[in-house]
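An overview of the molecular structure
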Amino acid sequence: MDGGIRSPLNLDLAKGCSHVVALAPVTRAGGPVETVEHQRSRFGAAQAVVITPDEATRKAIGTGLLVL
């Protein structure tokens, strides 16, 4: 929602929803932000599903996320 500056996931914006499915192509952000795992832990495993890239996908994406 914000390019990962505020948070890599923004899962807190779904507070109040009964179920959440989040796609998180980037799991880290710059600065002092909560990790994806910490945000997810506040929802509980049954209520929030977070889909993140595996190691091969992270390697394919690389570090230059803004480079196309």
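Summarised in this report is the structure supplied together with it. (Residues numbered from 1 in each chain as written. Predicted model: local features only at pLDDT ≥ 70, side-chain atom pairs only at ≥ 80, totals over all residues. Heavy atoms only, no water.)

1. Some remarks on the overall build of the chain
- Tallying secondary structure elements over the chain gives two helices and two strands in all.
- The linear arrangement of helices and strands in the chain, starting from the amino end, is β-α-β-α.
- Long-range pairs, those at least 24 residues apart, make up 66% of the contacts in the chain with a sequence separation of at least 6.
- As displayed, the chain has an accessible area near 5,100 Å², and 61% of this comes from carbon and sulfur atoms. (Helix = DSSP H or I, 4+ residues; strand = E, 2+ residues; numbered from the N terminus. Contact = heavy atoms within 4.5 Å. Areas by Shrake-Rupley, 256 points an atom, 1.4 Å probe, with all protein chains shown as cover.)

2. Describing the nonpolar core
- Membership of the largest hydrophobic core is limited to nine residues, which are Leu 9, Leu 11, Ala 14, Val 20, Ala 22, Ala 24, Val 36, Ala 48 and Val 50.
- Within the residue set of this core, elements represented by two or more residues are strand 1 (20–23) and strand 2 (48–51).
- Excluding residues within four positions of it along the chain, Ala 22 makes contact with Leu 9, Leu 11, Val 49, Val 50 and Ile 51. (Core = buried A, V, L, I, M, F, W, Y, C linked by side-chain atoms within 4.5 Å. Buried < 20%, exposed > 50% of the residue type's maximum accessible area, 1.4 Å probe, protein only.)

3. Examining a nonpolar patch on the surface
- Taken together, the side chains of Val 21, Leu 23, Val 49 and Ile 51 make up a nonpolar region of the molecular surface, amounting to roughly 400 Å² of accessible area.
- When contributions to the nonpolar patch are tallied by element, the ones reaching two or more residues are strand 1 and strand 2.
- Mapping Val 21 onto the fold places it in strand 1.
- Given the relative accessible area of 64%, Val 21 is considered exposed. (Patch = residues over 30% accessible without salt bridge, like charges linked within 9 Å, V, L, I, M, F, W, Y side chains within 5 Å. Salt bridge = Lys/Arg side-chain N within 4 Å of Asp/Glu carboxyl O.)

4. Thoughts on the environment of Asn 10
- Examined against the element boundaries, Asn 10 turns out to sit in the segment before strand 1.
- Of the residues examined, Asn 10 reaches a relative accessible area of 5% and is grouped as buried.
- Sequence separation between Asn 10 and Thr 35 is 25 residues; the distance between their C-alpha atoms is 9.9 Å.

5. With respect to the pattern of salt bridges
- As enumerated under the stated definition, the model contains one salt bridge in all.
- Notably, a salt bridge pairs Glu 55 with Arg 58, separated by 3.1 Å at the nearest N-O pair. Placement of the pair is Glu 55 and Arg 58 together in helix 2 (residues 55–61), with a separation of three residues, close to one helical turn.
- When its relative accessible area of 35% is taken as the criterion, Arg 58 is described as partly exposed.

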